[in-house]
Structures are given as structure tokens and as C-alpha cells.
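If you want the building blocks of each chain, they are given just below.
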Amino acid sequence: MTYTWNRIIVKVGTSLLTTPDDEFLSSYIAGIVKELCNLRQSGKEIILVTSGAIGAGMCKLSLKHRPANIPLKQACAAVGQSLLMNTYEHLFGEHHQTIAQVLLTHQELANRKSYINTRNTLLTLLQHNVIPIINENDTVSVEEIKFGDNDTLSSLVAQLVEADLLILLTDINGLYSKTSDGKGFGELIPVVKDITPEIVDMAKDTKNKFSTGGMTTKIKAAQMATMAGITVMILNGRVECIIGDALDDKGCGTVFTAKEDKISSRKRWIMYGLKTTGEIIIDNGAKEAILNQGKSLLPSGVVDIKGRFEEGDAVIINGIHGDSLAKGLVNYSKGALVKIKGKQSSQIEEILGYKYDDEIIHRDNLVVF
Ligand code: GLU
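Everything quoted here is computed from the prediction, not taken from an experiment.

A. Expanded view of the overall build of the chain. Across its full length, the chain holds 13 helices and 15 strands. Seen along its three principal axes, the alpha-carbon backbone of the chain occupies a region of about 70 × 45 × 45 Å. Each of the 369 residues in the chain was classed as buried or not, and the buried ones make up 50%. Across the chain, every contact between residues at least 6 apart in sequence was considered, and the portion connecting residues at least 24 apart equals 70%.

B. Expanded view of the layout of surface pockets. Computed from the structure, the largest pocket encloses a volume of approximately 590 Å³. Lining the largest pocket are 18 residues; nearest its centre among them are Thr 152, Lys 220, Met 224, Met 271 and Tyr 272. Breaking the lining of the largest pocket down by element, the ones donating at least two residues are α6 (150-160), α8 (214-227) and α10 (265-273). For the lining of the largest pocket, the leading source of residues is α8, giving five residues. Each residue belonging to the lining of the largest pocket can be placed in one class, and the counts come to eight nonpolar, five polar and five charged.

C. Layout of the confidence of the model for the chain. On average, residues of the chain score 90 in pLDDT, and 95% of them are at 70 or above. No element of the chain has a lower mean pLDDT than α10, which averages 80, and none a higher one than strand β2 (residues 45-50), which averages 98.

D. Region of the structure containing the side chain of Gln 81. For Gln 81, the position within the fold is in helix α3 (residues 70-93). Overall, Gln 81 belongs to the buried group, its relative accessible area being 8%. Of the polar contacts made by the side chain of Gln 81, one reaches the side chain of Gln 101; its length is 3.0 Å. Dropping the residues within four chain positions of it, Gln 81 is found in contact with Ala 53, Gln 101, Leu 103 and Asn 135.

E. Examining empty space enclosed by the protein more closely. Counted by the stated rule, this structure contains two cavities of 30 Å³ or more. A volume near 40 Å³ is recorded for the largest cavity. If you trace the largest cavity, you find it lined by Tyr 115, Leu 156, Gln 159, Leu 160, Arg 268, Trp 269, Tyr 272 and Gly 273. For the lining of the largest cavity, the elements supplying multiple residues, two or more each, are α6 and α10. Each residue belonging to the lining of the largest cavity can be placed in one class, and the counts come to five nonpolar, two polar and one charged.

F. Spatial organisation of the environment of Met 227. Secondary-structure assignment places Met 227 in helix α8. A relative accessible area of 26% places Met 227 in the partly exposed class. Sequence separation between Met 227 and Ser 155 is 72 residues, and the spatial gap between their C-alpha atoms is 11 Å. Ignoring anything within four residues of it in the chain, the contact list for Met 227 reads Lys 259, Lys 262, Ile 263, Met 271 and Tyr 272.

G. Structural context of the site of the ligand. With respect to spatial proximity, 10 residues lie near the ligand, and among them Ala 53, Ile 54, Asn 135, Asp 138 and Asn 150 are the closest. In this structure, Ala 53 approaches the ligand through a main-chain N or O atom, which is 2.9 Å from an oxygen atom. Take Asp 138: an N or O atom from its side chain is 2.7 Å from a nitrogen atom of the ligand. Computed on the free molecule, the ligand has an accessible area of 300 Å², of which 96% lies beneath the protein chains in the complex. In the shell around the ligand, the residues fall into two nonpolar, six polar and two charged.

H. Representation of the sheet that holds strand β14 (residues 324-329) in the model. Strands sit in the order β12-β11-β13-β14-β15 across an open sheet of five strands; the sheet is mixed. A strand with exactly one partner marks an edge of an open sheet, and here the two such strands are β12 (302-307) and β15 (366-368). Ignoring which end each strand starts from, the neighbouring axes of this sheet average 25° apart. With three bridges connecting them, β14 and β15 associate as antiparallel partners. Within the sheet, the bridge partner assigned to Lys 327 lies in β15 and is Val 367. The sheet strands contacting α10 are β14 and β15, and the helix crosses β14 at an angle near 110°. Where helix α11 (residues 284-292) meets the sheet, its contacts fall on β11 (278-282), β13 (314-318), β14 and β15, and the angle it forms with β11 comes to roughly 105°.

I. Structural detail: the nonpolar core. In terms of nonpolar packing, the biggest core is built from 49 residues, with Ile 9, Leu 122, Ile 134, Val 157, Leu 166, Leu 175 and Phe 256 touching the most fellow members. Contacts of Leu 175, omitting those with residues within four sequence positions, involve Glu 187, Leu 188, Ile 189, Val 192, Ile 199, Met 202, Ala 203, Met 215, Ile 219, Thr 254 and Phe 256. By size, the runner-up hydrophobic cluster in this structure holds 37 residues, among which are Leu 16, Ile 29, Leu 36 and Ile 46.

J. Examining the sheet that holds β2 more closely. One open sheet holds the eight strands; their spatial order is β3-β4-β2-β1-β5-β9-β10-β8, and the pairing between them is mixed. Pairing within the sheet leaves two strands with one partner each, and these edge strands are β3 (99-104) and β8 (191-192). Packing of α3 onto the sheet brings it into contact with β1 (7-12), β2, β3 and β4 (131-136), and relative to β3 it is tilted by some 155°.

Conventions adopted
Residues numbered from 1 in each chain as written. Predicted model: local features only at pLDDT ≥ 70, side-chain atom pairs only at ≥ 80, totals over all residues. Heavy atoms only, no water. Helix = DSSP H or I, 4+ residues; strand = E, 2+ residues; numbered from the N terminus. Buried < 20%, exposed > 50% of the residue type's maximum accessible area, 1.4 Å probe, protein only. Contact = heavy atoms within 4.5 Å. 1 Å grid on protein atoms, 1.4 Å probe; cavity = no way out; pocket = protein on both sides within 12 Å on 5 of 7 lines; lining within 4 Å. Points joined across faces, edges and corners; volume = space filled by probe spheres on them. Nonpolar A, V, L, I, M, F, W, Y, C, P; charged D, E, K, R; others polar. pLDDT = per-residue confidence, 0-100. Polar contact = N/O pair within 3.5 Å; in protein donor to acceptor, adjacent residues only side chain to side chain. Near = heavy atom within 4 Å. Areas by Shrake-Rupley, 256 points an atom, 1.4 Å probe, with all protein chains shown as cover. Pairing = 2+ DSSP bridges. Axes fitted to C-alpha atoms, helices over the stretch in contact; angles between N-to-C directions. Core = buried A, V, L, I, M, F, W, Y, C linked by side-chain atoms within 4.5 Å.

The following block contains the structure:
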């Protein structure tokens, strides 16, 4: 079957930008850049999400191990990011391709306004035939505003701009099954239609000293993107012309097929764009209502509240046995919810002295897992 991919996000992992001898820039990246330029020239819209800033900084500062110390890691990122962009500027320049640097933290995607703003900027760059090159702004990212790994970042970017295809380039051929003893790699899995627990289990981490994610974060990234209707490919970026061959359907790597019943952009933003600091535990009646009847969450179904949150924050909803059920934007702060849990909506005003809504979480703001 031949597909037409128009907007493609390509993620390059650190293992493609560093050699085993701690040198920055292996030869692979020049070939990848050439492929991206060819695609751009054939009319495709391309966004590159690149890792490698910390790895490049480590090489430049002659560090043998990935720093555990956060300021040193952030210093490496600052040194490495400019080296990285300088390298890309040179490589893309050989093909007369204009590029743009975009550094993001989770904060830009957590706020709906800056989410839309970031989207508009990226789309404007694409309209001007530019290839945006995105990385996490590691130098300023602290835990609360971190994506953590670029597999996740690339998946969120793919959703942000409604891409058709996300390509995760790494240094292995794709996802492998496990051998029967569960210890080694079996066969390459060419197509994944559903990301089942068995598939998640196959994602044995293949981390090296430069990288963050390994296969586990790639599977998570694929899960998010396919749910948003985006096909995902894991390909070996060390193989020449791998992107072109994969797009020509020559059976390369592992392809995760996009889901047809994709969730809306707003619900995707709630699901993946927002971090949560709180948890609401609900009874079985409320569980049935939100999971199977598409209802909103009312105070009567709430049995316990954990963590901290204010009205408008994203929270996780769990069942009484600790089963994760949904995520949503809550209408009441934790302090208010503690007072109205287990009560009828008609009692909210009497208890709190005010009422925003009958619902704790309205179904339009609720994403069921
Ligand atoms: N942002 C990190 C860097 O540029 C990479 C994170 C990752 O490897 O996923 O070094």
C-alpha cells in the first residue's frame, strides 16, 4: 500500500550524533540531512527533533560519564546546543536549506495559549519552507517543566502540528521480540497495530551513556502519536537512505499504525500536554458512569483526594483499587473538594458558600484511558 505523507517529524537520537570513542558527529547525520532536504524539495513539510546537546557538550568538555549533577548537565547542554546547531547549519547549508532553532520546555505546551502560539510559529516556519530544528531547552529545564526525553517531545510536537508521520531514528533496526528465555532479542517486528502489554514488555531498554530513553520511551511516544492518528516508524538511522526506503514501503524498521478513532486535539492536550500533581479516587458507581456512560464526575462519587491542586489543574482519576481510569481538568481545588466529597451537587453551594459547577470534572474535560 502506498501512503502519502505530507507533514513528517523526524527525531534523531544522540546515538546517531556521537561515536563510541566520545567524538561528536558521526558520519550518519550528513546522510540523514541529505534525505531530509530531498524530502523538503519534493514538497514534504519536515520538522527535525534532535537530541545530542548534552552528548555534544560532554564531548567538548571531555566528560567521560553523563553528569548526574544538574548544573553540569545543563552546562553541557548550553555548550553542546550551539555546537549542534552550528553543525546542522553547515550540513543543511550545503543543500541550501534554511533551518530554524526552536527550544521548548513543557511549560510552552502546558499552557493552552502558548501551545497554540508555538503551533502557529512552527506552521509559519513550514509555510516559509524552513526546516525547524527542535530540542528541549535543557539549560533552563527543571524537573517540573521537563519533557525528559526527546521521544516524548517529538511525539508531542507531531500532535501539536498534526503531522501524518513520526519517524524515530535510532541505532537499531526497530522493535524486536524477545527470545523464549526472555533474555535476548528475537525477530524484528515489522508492524504493530496495537500497543499491547506484550509489546510494552518487548521494549527492552538499550541505553548507552549518552542517551536518555531507549526503546521504552519510543513505545510510549508511539502510543501517544498513534492515538492521535499519526503513524510512527522506528528506523535505523545508520542505514543509508533508510527514510526514503521506508517511505517507499520497502519494509524497513517497525511501523506503528495510526488509530482511526483519534481523540480530539483538546483532549490530547489534556492527556499529554499537562502534568498532574493530584489524584482523585472514585467509587465504582462513578467509575461505571465515566467509563461506560460518558458522564461527568460528580462530587458524590469521590471517596478520597491525594496530592495538591487548584481549580483548573489536571488530575488523575483512580479507582478504589488503584486502577488508573482517566485524566481531567478539575473545577474545584483540593481544599474545596475535601469538603464536598461524597456530597450531592445540590449541596455544594451550602457547604462552600459558592458553586462553580455541578461537576467536579466535566466530561468535555475528561479523557478516559
Ligand atoms: N535534550 C537532550 C539533549 O539534547 C536529549 C534528550 C534525549 O536524549 O532524549 O541532549
